[in-house]
Structures are given as structure tokens and as C-alpha cells.
Amino acid sequence: MTSQPSHAEMANAVRFLAIDAVEKAKSGHPGMPMGMADVATVLFTKFLKADPKTPRWPDRDRFVLSAGHGSMLLYALLHLTGHADLDLDQLKNFRQLGARTAGHPEYGHVAGVETTTGPLGQGLANAVGLALGERMLAARFGEAIVDHRTWVMAGDGCLMEGLSQEAITLAGHLALSKLCVLWDDNRICIDGDTALTTSDDQMKRFAAAGWATKAIDGHDPKAIAGALRWALRQTKPSLIACKTVIGFGAPTKAGTEKTHGAPLGAEEVAGTRTKLGWPYPPFEIPEPIRAAWAKAGKRGAGPRRAWAKRLEALEPARRAEFERLMAGRLPLGWENVIRDFKRVTSETKPKIATRKAGQDVLEVLTGAVPEMVGGSADLTHSNLTLTKATRPISAKDFSGRYLHYGVREFGMAALMNGLALHGGFIPYGGTFLVFADYMRSAIRMAALMGLRVVYVLTHDSIGLGEDGPTHQPVEHLASLRAMPNLKVFRPADAVETAECWALAMANQGGPSLLALSRQNLPTLRTTHSDDNLSAKGAYVLAEAEGGLAARRVTLLATGSEVEIALAARTNLAAQNIDAAVVSIPSWELFDAQPISYREAVLKPGSVRVAIEALSTFGWERYVGDKGAVIGMTGFGASAPADKLYAHFGITAEKAAEAAKARL
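Analysis parameters
Residues numbered from 1 in each chain as written. Predicted model: local features only at pLDDT ≥ 70, side-chain atom pairs only at ≥ 80, totals over all residues. Heavy atoms only, no water. Helix = DSSP H or I, 4+ residues; strand = E, 2+ residues; numbered from the N terminus. Rg over C-alpha atoms; globule rule 2.2 N^0.38 Å. Buried < 20%, exposed > 50% of the residue type's maximum accessible area, 1.4 Å probe, protein only. Contact = heavy atoms within 4.5 Å. Areas by Shrake-Rupley, 256 points an atom, 1.4 Å probe, with all protein chains shown as cover. Lys, Arg positive; Asp, Glu negative; His and termini not counted. Charge placed at Lys NZ, Arg CZ, Asp CG, Glu CD. Salt bridge = Lys/Arg side-chain N within 4 Å of Asp/Glu carboxyl O. Polar contact = N/O pair within 3.5 Å; in protein donor to acceptor, adjacent residues only side chain to side chain. Pairing = 2+ DSSP bridges. Axes fitted to C-alpha atoms, helices over the stretch in contact; angles between N-to-C directions. Core = buried A, V, L, I, M, F, W, Y, C linked by side-chain atoms within 4.5 Å. Expected span 1.5 Å × (residues − 1). Phe/Tyr/Trp six-rings, centres within 6.5 Å; stacked < 30°, edge-to-face > 60°. Parallel < 35°, antiparallel > 145°, perpendicular 65-115°, else oblique. Left-handed = near helix turned anticlockwise from the far one by under 90°. Nonpolar A, V, L, I, M, F, W, Y, C, P; charged D, E, K, R; others polar.

S.K.: Help me understand the overall build of the chain, please; the structure alone is not making it clear to me.
M.R.: Looking only at helices and strands, the chain features 26 helices and 18 strands. Relative to the compact-globule value of 26 Å for 663 residues, the chain shows a C-alpha radius of gyration of 28 Å, a close match. With the C-alpha coordinates of the chain rotated into their principal frame, the extents come out at 95 × 55 × 45 Å. When burial is assessed residue by residue, the chain has 60% of its 663 residues classed as buried. The long-range share in the chain, meaning contacts at least 24 apart out of those at least 6 apart in sequence, stands at 78%. Counting only carbon and sulfur atoms, one obtains 53% of the accessible surface of the chain, whose full area is about 24400 Å². When the 74 positive and 68 negative side-chain charges of the chain are each reduced to one mean point, those points stand 4 Å apart.

S.K.: Quick question: what am I supposed to make of the side chain of Arg149 here?
M.R.: Along the chain, Arg149 falls in the loop between helix H5 (122–141) and strand S2 (150–155). Buried and unpaired, Arg149 has no salt bridge, with Asp61 as the nearest side chain of opposite charge at 6.1 Å. Reaching out from Arg149, the side chain makes a polar contact with the backbone oxygen of Leu232 at a distance of 3.1 Å. Apart from the residues within four sequence positions on either side, Arg149 is in contact with Asp61, Arg62, Ser177, Lys178, Ala231 and Leu232.

S.K.: What's the story with the sheet that holds strand S6 (residues 212–217) in this structure? I'm lost.
M.R.: By way of backbone hydrogen bonds, the strands of a sheet pair with one another, either parallel or antiparallel. The 5 strands are arranged S1-S2-S3-S7-S6 in an open sheet whose pairing can be described as parallel. Lying at the two open borders of the sheet, with one neighbouring strand each, are strand S1 (62–65) and S6. This sheet shows a mean twist of 20° between the axes of neighbouring strands, independent of strand direction. Note that strand S3 (residues 179–185) and strand S7 (residues 238–243) share 6 bridges and pair parallel. Directly across from Trp183, in S7, lies its bridge partner Ala241.

S.K.: Quick question: what am I supposed to make of unusual backbone geometry here?
M.R.: Glycine aside, residues mostly have negative phi angles, and peptide bonds mostly take the trans form. For Phe283, which is not a glycine, the phi torsion comes out positive at approximately 70°. If you trace the backbone, Phe283 turns up in the loop between helix H10 (266–276) and helix H11 (287–297). For Phe283, a relative accessible area of 8% corresponds to the buried category.

S.K.: Help me understand the nonpolar core, please; the structure alone is not making it clear to me.
M.R.: Nonpolar side chains in soluble globular proteins tend to be buried together. Judged by nonpolar contacts, the single largest core of 76 residues is most densely connected at Leu132, Leu176, Leu179, Trp211, Leu419, Tyr455 and Leu513. By residue number, the principal contributor to this core is H5, which donates 11 residues. With near-sequence residues (within four places) excluded, Leu419 lies in contact with Gly129, Leu130, Leu132, Gly133, Met136, Val373, Leu403, Tyr405, Phe425 and Pro427. Core analysis: the next-biggest nonpolar cluster, separate from the first, contains 63 residues, Ala13, Leu91, Ala227 and Ala292 among them.

S.K.: Can you walk me through the sheet that holds strand S16 (residues 579–583) in this structure?
M.R.: In spatial order, the strands read S14-S16-S15-S17-S18; together these 5 strands make up an open sheet with mixed pairing. Of all strands in the sheet, those with a lone pairing partner are strand S14 (539–542) and strand S18 (628–632), marking the two edges. With strand direction ignored, the average angle separating the axes of adjacent strands in the sheet is 25°. Looking at chain direction, strand S15 (residues 553–557) and strand S17 (residues 607–615) are connected through 5 bridges and run parallel. In the sheet register, Ala557 faces S17, and the bridge partner there is Ile611.

S.K.: Is there a simple way to think about the pairing of strand S11 (residues 454–458) in this case?
M.R.: In regular strands, side chains alternate between the two faces of the sheet. Most of S11 is tucked away: 5 of the 5 residues are buried. Side chains Val454, Val456 and Thr458 of S11 all project onto a buried face; the interleaved residues Tyr455 and Leu457 project onto the opposite face, where all are buried too. Pairing analysis gives 5 bridges linking strand S10 (residues 426–432) to S11, with the strands arranged parallel. In the sheet register, Phe432 faces S11, and the bridge partner there is Thr458.

S.K.: How should helix H9 (residues 221–232) be read in this particular structure?
M.R.: One turn of the α-helix equals 3.6 residues, which is why residues spaced by three or four share an orientation. Spanning 12 residues, H9 covers 17 Å between terminal C-alpha atoms, matching the ideal 16 Å at 1.5 Å per step. Of the surrounding secondary structure, the elements contacted by the buried residues of H9 are helix H2 (31–47), S2, S3, S6 and S7. The opening residue of H9, the one whose side-chain oxygen lies 3.0 Å from the backbone nitrogen of Lys222, is Asp220.

S.K.: Sorry if this is basic, but what is going on with the environment of Arg310 here?
M.R.: With respect to the secondary-structure elements, Arg310 resides in helix H12 (residues 301–313). Taking the C-alpha atoms as reference points, Arg310 and Ala144, separated by 166 residues in sequence, lie 6.9 Å from one another. Those residues in contact with Arg310 that sit more than four places away from it in its chain are Ala144 and Ile145.

S.K.: Which parts of the structure should I look at to understand the packing of aromatic side chains?
M.R.: Each aromatic ring pair is specified by the distance between its two centres and by the angle formed by the two planes. Taken as a whole and assessed by the stated rule, the structure comprises 16 aromatic pairs. With a centroid separation of 5.2 Å and 85° between ring planes, the pair formed by Trp587 and Tyr622 is classed as edge-to-face. Remark: Tyr622 occurs in helix H24 (residues 620–623) and Trp587 occurs in helix H22 (residues 587–591); sequence separation between them is 35 residues. No difference in accessibility class separates Trp587 from Tyr622, as the two residues are buried. The rings of Trp587, Phe590, Tyr597, Trp619 and Tyr622 are connected pair by pair, giving a single aromatic cluster.

S.K.: How should I be thinking about the side chain of Thr497 in this particular structure?
M.R.: Relative to the helices and strands, Thr497 resides in helix H20 (residues 494–506). Polar contacts involving the side chain of Thr497 include one to the main-chain carbonyl oxygen of Asp493, which spans 2.7 Å. The residues contacting Thr497, other than those within four sequence positions of it, are Thr354, Ala357, Gly358, Val361, Pro491, Leu514 and Leu516.

S.K.: Which parts of the structure should I look at to understand the packing of helix H1 (residues 7–25) against H2?
M.R.: A packed helix pair is summarised by two numbers, namely the angle formed by the two axes and the spacing between the axes. H2 packs onto H1 with a crossing angle of 130° between their chain directions and a minimal axis gap of 8 Å. Here H1 is positioned oblique relative to H2, judged by the angle of their axes. Classified by chirality, the crossing of H2 by H1 is right-handed. Facing His7, Met10, Ala11, Val14, Arg15, Ala18 and Ile19 of H1, the residues of H2 in contact are Pro33, Met34, Ala37, Asp38, Thr41, Val42 and Thr45. Looking at the contact of H1 with H2, its residues break down into 9 nonpolar, 3 polar and 2 charged.

Purely geometric numbers; function is a separate question.
See below:
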């Protein structure tokens, strides 16, 4: 071996770290890292702008492994380029409990992992958000401070997912020229040859979506470098189709699905070592090769230092604002607009839908919090997510703060994840609650990664009326409440809506969802309090007339049904039955309270009746064995809202009857 290793030797270091880690774990996906090692080596040694010593440098290039099953490719690259959190022991403990090297790359485990990938297509869609974030931040601070690229490795599976169409058409429409997708064109999926499942011409597909396209031999380093230089010159997003062999170098399994998702086996590994001329033991990298990779990893140190000087030279207020945005700190005093909004609302007592209340809150919030970026999946004037401060974003003007996502709910949610991951923005996006099903996988990924994104999901029950059961959510909120680390809010009036928005803004550890009504609701909180009563998840809105000691019935409700609970309380009071009304805008926050608080709110021993015009599932935890739940046990119907509530028995009379029957 010469002191200057060849490209093949550099790429083989990546291949064999992946092969050896998968073999040791007896689990994993060696084929993709073996096939894309040549492309990755050229990208990481000659083009990618990164500094392993400062891995979260704001102006670094973003690299997204959308084909997340090939995680050992990324772990090997990060290890070789000098990332301190990925030493050799981490690679040797690939897929083991407590190791950073999870089966699929996980954001937050490793500094060089930009997003959690594995569910195919989502990394590609996240990358669109990352690339958009770069353009938007550059529009605010200039390219001397923000000028980086987003590189994506995607496989055939990523491009088969319907999400990919939503993502690539958005990227093309916005002309995100600093986005480059490196397609691992190996024509293999788990079932075998992709000819079994698809006949798409991906080059024409991407070109039709407004992308520049180029096809190369993914094992020719000169062709790879030439294509990457070509991508740098494009004025639109670029796709490079890298024709590769999955499991490159494996003597009998290369080019087959047998290398996709299982260790090669001892005999095949030995044969691969022989075929590729790699005589070294598992996990051993010869010093000249390791030194060459370490040198490549240091390429970004100079650009990072130069960037730091440019940042330091910024006018102090602008520098402070950039640093605040990238740190995710909200501006000082932002809570004041919520407090003032609540005070005025309690005084004026509007009767409005919580979706309209949400827009009114957004008007003051987006004016006070410039990092908020809104949008809607073609339902702007139904979700009411547009404000005076949020001008539309376009390919010609990235200084705006509102995205017209079109009918792309999944794409919207995944792109919002990318914006949040980029840093500098708090994205929120709207659609109907029933369409959360389209978004669910991206919502789950936001929860898994702990991203501050907000979903504004309106038309939140049968109360939407005439559009009928296709648009009336029933089971949706119950299933969303079951998702870990997702805070679900269903406010009862404009005051609670403001409080829930404040909680969503302060929730830096995960996503928040606001379920908002189509129908008008009265203001129930008519006495102002600076305290955020929704912060504990539930509170006694109206105590029994005789006080807590006299309370015999506890009526629990969320959203539009809190009004019904108050009417049921009046009904019971006329029958000399003391009842209290508890508003529960957030189950998750209430469940996190001390048991003493929960018992003070629910009062053990009282008859509990829950009212929600959604699925009854889950309410058992609050009403107990002797309580009752007034809600939906089937799908809705097409009719005016008041007729539906009466038809399905979601009324004050039914709630009072249920309580009385259990006394």
C-alpha cells in the first residue's frame, strides 16, 4: 500500500466496516453500504462541507441517508472522518442496546445524523425541508452566513413511496437548487428485482417535476466527481442516478436481494475480502487509509473558521438574532401577547369557532415570533392559518413565512420536520383532523425526534356537519393520544385556544397538535387569569354549587363538548344534584400531574361522566368502572351539526341522565 491510498482502498474501508459490523451484530443491511461506498467516498472526501470537531455548525452541508437501513454506511463515514461520538467500539456494538449505532440512524443519538430515517421516503421529504430552510434563512441573513447544500442518498424503495412524489414536486416547484439526490439505482428491492414491482422512468419523472437529471456509473470515481460538480452548477434541484451493484464485491450474492437485509455470512465475507483485496481482520483499517480519511474530515475546519469570522462581523443585533434562532430560544416577552389576548377575549366574550380563535392567536403570535412559518395543505381558508405577518414563500422569494403545500398532507408534515431539523424555524401546518391519517408517519417521526412542530387540525368532530362521515373524525384523536411524546390539545374556547398555543410554542421537546372546531363556541372563561390553566392538562372550570365536599358528579369534557357539560351541570343542579365541570384540553399534561392534583380535579367517589363527540376509547381511565362516556361508537353522518349531536345522543340531557342513573 502506498502512503496515498487509492479511491478503491478508501471506499473499501467503508465497505468492510459495514460488513464487519453487520456480521458481528448478526443483523443489518450490508448491501446498500457496499453498493454506495464509492459515491459516499467521493462526496465525503471532496465535496461535503462539514467539520467533525463542530458537527452542529449551522452552515454545514446536510447529508441525509434516506435509505436508512444502510445506516452502517453513515456510521462508517462519520467514524472515519473523525466524529468523536462514533469510536470503533460504537461500530462494534452496532444494533446493541445502549449503543449510539442504532439499526436505523436516529437524530440525537449521533451528532452527524441530521434526521431519523428508516421509514422510506421520509428522509427525502425531510431533505426538502432542510433545503428550504437554508434558502429561507439565507434570505434573512445573507449568503455570507447561510450558504450550504443538502445531499440525499435514496434508494428504489424511497422513490416507490408515494411521499416521494409529494416531496419532489414541491422541491421542483420551489426550485431548490442546493438539493441533490443521489439515487442508489441498483434495481433491487427486498422481494427481488424492481422489475417485479415498477416500470417507472425515474429520470423522466424527476425531470417532469422540475429537476435536473444525470445518470452515471456509481462505481466510477471520476464520473461521480463530475456529476457532483455538475450538480453544483444547477439552478434547480438535481437527481444523480448512480448505477450500482448492491452488495458490490460479494462473490456470489452481489447484485441480488440476498445482500439487502441479512449478514453475508462468514464464507461470503471471506470471499469478498479476497475479491476486493482487503486482507485485514474485522474492524481493522490500515493506518495510511485511516489517516487519509482523517485528513478528509479536516477539510471543513477552515471554512468553518472563516464562517465564524463572518458571523462575528455581523452587526451585533443581527448576530444575536441569528444565534437566538439557531438555539431555538423564543424572543423575550412573547408570552405577553398571549396574556393580552386572553384578557381582551375574556372581556369581549366572542362566540367563534376555535379554528377562528386559532387564527386570531396566530395573528399576534406570528407578529411576535418571527421564526414561526405557517402553511396548509390546500385548506388555508378553512384551517385559517394565514396571517398578516406570514407572506407566501415562492421560488422567487424565500423571505416569506407561509407555504401553500397543495394537497400534500404527508409531504407537508415531513417537510415541516425538515424545517425544524434545519434550525431557525418553528413550522406549523394545517389540514382537517380526519386527514391526520395521511400525516401519521411523519407526526410519529417528529415525536420520535422530539421536534417542535405544530399541527393545526381543524373540523375536529361530527360538529363539522354536512360533509359527512368521510370528513368527520371519530377514532383519530384517540389514536393520536396514544402516540408517545405528542401533545394533543383540544381547547374549549378562544381563551383555552390561546393557552394551548402558548404551551405548543414552549414545547421544545416534541410536536404539538391542536384540534379545533368548525362550529362557533361561546367564551367560557370570562374572568381573566394570567395563569395558564390549561398547563396542567385539566382543571375545574365550574365547581359544584355546594363546593368540592358536596360534589356528587364530575362532568369531564374537551373542546366543543365543554359547553354541553356546563348545560348538563345546570340540568343536574335543577334536580338538586351537585356537579362540577372539568375541562381537559390535554390528556398528556393532565396525566403528568401529581396524583394529589388529579384526585382534586376528578374527586374519587364522585360519579364521572365524560363527553366528547369523538371515539369513546380511552376515557375509561378517567371515568372508572362506574362512570359513563357520551361519545361516538361508530361513524358519523351527513347532516347539520345540531341534528347530529341530537341523533348520536351527545347532549346535556343524555349526560345528565347517565350521571343520575349511576348515583
